[in-house]
Structure formats: C-alpha cells, structure tokens
Amino acid sequence: MRTLIFDTDIGVDDAFALAFAARTQRLLGITTVFGNVAVGQAVKNARLFCEKMQIDVPIYRGCSRPLALTPSEPAKLHGEDGLGDAFVNPYSDIAPGAVQFIIDSVRAQPHEITLVAIGPLTNIASAINQAPDIIPLVKELVIMGGAFGTDGHSGNVTPFAEFNIWKDPHAADQVLSSALNVVVIPLDVTHNVLISSEEVHQLNQPVLSAIVRPFLAYSLQKEGFDGMALHDTLAIAWLCQPEAFRLVQSPLRVITEGIACGQTVRKIGPLASREDPFHHLPTQRIALGVDAALVRNRFLCTLSDRNGSPP
Ligand code: BDR
Ligand code: CA
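Quantities reported herein were computed from a predicted structural model and do not represent experimental measurements.

Draft legend 1. The arrangement of the packing of aromatic side chains in detail. Here the structure, examined in full by the defined rule, presents four aromatic pairs. Residues Tyr60 and Phe101 carry aromatic rings whose centres are separated by 3.8 Å and whose planes lie at 10 degrees to one another, so their mutual orientation is stacked. Placement of the pair is Tyr60 in strand E3 (residues 59-61) and Phe101 in helix H3 (residues 98-108), with a sequence separation of 41 residues. With respect to burial, Tyr60 and Phe101 carry one shared label: buried.

Draft legend 2. Highlighting the coordination of the calcium ion (ligand 2). Surrounding the calcium ion (ligand 2) are the protein donor atoms Asp9 (OD), Asp14 (OD), Asp14 (OD), Ile118 (O) and Asp232 (OD), which sit 2.3 to 2.9 Å from the metal. Ordering the donors of the calcium ion (ligand 2) by residue number gives the pattern D-x4-D-x103-I-x113-D. Highlighted residues: Asp14 in helix H1 (residues 12-24) and Ile118 in the loop between strand E4 (113-117) and helix H4 (122-130), separated in sequence by 104 residues. Ile118 shares its class with Asp14; the two are buried.

Draft legend 3. Geometry of the pairing of strand E2 (residues 26-32). Within E2, five of the seven residues are buried, which leaves it mostly tucked inside the rest of the structure. Relative to E2, strand E1 (residues 3-8) runs parallel, the two sharing six bridges. When the sheet's bridge partners are listed, Asp7 is paired in E2 with Thr31. For the crossover from E1 across H1 to E2, the handedness is right-handed. Across three bridges, the pairing between E2 and E3 is parallel. In the sheet register, Ile30 faces E3, and the bridge partner there is Ile59. The handedness of the E2 to E3 crossover, carried by helix H2 (residues 39-53), is right-handed.

Draft legend 4. Summary view of helix H10 (residues 213-223). When we look at burial in H10, the residues that qualify are Phe215, Leu216 and Ser219. Projected onto a plane normal to the axis of H10, the buried residues spread over an arc of 100 degrees and lie on a single side. Away from the buried face of H10 by more than 90 degrees, exposed residues Arg213 and Gln221 are located. Buried-residue contacts for H10 involve H1, helix H8 (197-202) and strand E8 (227-229). Two residues or fewer past H10, Gly224 is found with a positive phi of approximately 70 degrees.

Thresholds, definitions, all that
- Residues numbered from 1 in each chain as written.
- Chains lettered and ligands numbered in written order.
- Predicted model: local features only at pLDDT ≥ 70, side-chain atom pairs only at ≥ 80, totals over all residues.
- Heavy atoms only, no water.
- Phe/Tyr/Trp six-rings, centres within 6.5 Å; stacked < 30°, edge-to-face > 60°.
- Helix = DSSP H or I, 4+ residues; strand = E, 2+ residues; numbered from the N terminus.
- Buried < 20%, exposed > 50% of the residue type's maximum accessible area, 1.4 Å probe, protein only.
- Donors = N, O, S within 2.8 Å, 3.2 Å for Na, K, Ca; no water.
- Pairing = 2+ DSSP bridges.
- Right-handed = clockwise from strand over helix to strand, strands pointing away.
- Arc of directions from axis to C-beta.
- Contact = heavy atoms within 4.5 Å.

What follows is the structure, given as structure tokens:
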C-alpha cells in the first residue's frame, strides 16, 4: 500500500480510479486540475464523489489553465458536470492550493509519497518548477497519458495526441523530461482493458452506475462497444499489480506545437539525425503491454467487495 497524492480533473473514469485507490492505497490528498471539467467543477466533483463513496480525504484546488496554451473546451463524454450529470452538487469550489500542498507534503515525507496524475500535468509541472528540490524526493509519479501507437492506439483527441497530454503539452514535456521517477500508462495499454456495461452494473455500486451513463453512451456511439475503457484506473492497477505490465524504457518528449501538438515521442535506439532532442534526458518507464485479464479481475473483485472471482 502506497501513500498517494491523487491528482485529477475528476470525470467518470477518474472517479472509478479514485474508488479503486481508496480501497487499495493510503490517500493523503486529492489535488484537482482543469481538464475534463474546469478546476472549480473538479473541486466540487471530488467533494461530491467522496461524500457519496464515503472517502474521507482532504481536497485541494490546482491550476485552472495550461502553462502556455489558450485553454480549450472541457471534455464532453463525462457529461456536462463531469460526473454524468447524475446528482445535484451543493458543494463549494473553494479549497486550499494544490501545488503548495504537493510541495509541502513531499518535503515533509521525502521518498514516501507517490503522485498519481490522471489529468493534465499542470499541477505537477508547477510544483517542480516552483520547488525543484522535490524532484528526487518523490517516490514515484504514475501518469495516465500519452499514446505511442502500439496496436494502432494513437491519439484520442487528434490522430497523434492523447487528451491529458494534449490539454497541456508544455507541462507534459517538462514533467516527462524531468528527473522525476516516472512511469507512463498510455492509451496503448488503457485501451486494452475494457469492462462491459453489464459488468459495471454488476459491481452493485449505485454511484458508479449512476455517473457512468454518458461515458457508456459515448463509447457505444464512437466505438460500437457497450462498455468502457478503464483508462485512469490503470494508474492504480500499476501500483497493485506491476507484474501485469510490460515496460519499455526511453527518454521522452512531447510535441508542443503544430498538427502533432500533444504527441508523446520516445527515443528508440541510436539517432541518425544531426539534432538530438533527447540529449541528456533521463530514461522513463512506459507501459506498452498489459495482462488485461489480471487487471480486470482485480478491479472487479475489489469494487464488488469479493475476494477471488469477479461477479
Ligand atoms: C484520459 O482522458 C480523460 O478524458 C480521461 O479521464 C483520461 O484521463 C484518457 O485519454
Ligand atoms: Ca482523467
């Protein structure tokens, strides 16, 4: 069990990941960021979801816009409010600062805190820019984001870019080329771990069943699949079952402009080019393969309170 700061632009799959994390890890705080929704809505969503799921953890408000780009529209597949428009949300969007919380927590517990980032990387980039001393003190940073083209899993916003990276490519480039101890969980693996709508409802989790509707409808309409990719949950699955993942290691960069803006690129072998955009960059771990059955089984058992076989 790890001590986590859970950094999220909380939409539907983020909420599934949070429910899984609350049952398998020690949550120190939830830091919110713009992305699937505006940051104020993310604060409200985190409060609502935690209250409904009886998750007792402090919530912080993070960055409201990308480091350099003009803000883009929130995602629509999570519903207007990001949580499937399932509940009236009475909560305030005011909360203490997320970036300072990350910095203070890592300094207070050096080498103990794992950061899980499942939205744009703006809070993490801001934290390491303001306090570079925390870089070697973070135990691990687990990112759901990026796409490397394995089995045709390239971008989900453009043909090149995955949503979380595309939302703030400058932040992502800073984080992925930093000396943080990073593991990246990209679409290459998250698109391979699917659960059907029937399996979602069989979890017997009324809150999850209520929020998931637009997400399932989008998946059915877009991909012809009556179910969902677990996406953000895979970042928590990495903590629970690292043996389920096949990793490669390489330096990483993110394209920050042009038609491929938001594309994640990794150095593969020696370069024949004159210029080396990876010069002196640390190697990061990237998951390109996953044992989907193992991950699905653990997730379904944990969320349905069963030890052993899923519902
Ligand atoms: C990512 O995009 C978001 O909409 C999801 O919450 C997930 O973090 C998948 O590309
Ligand atoms: Ca997310």
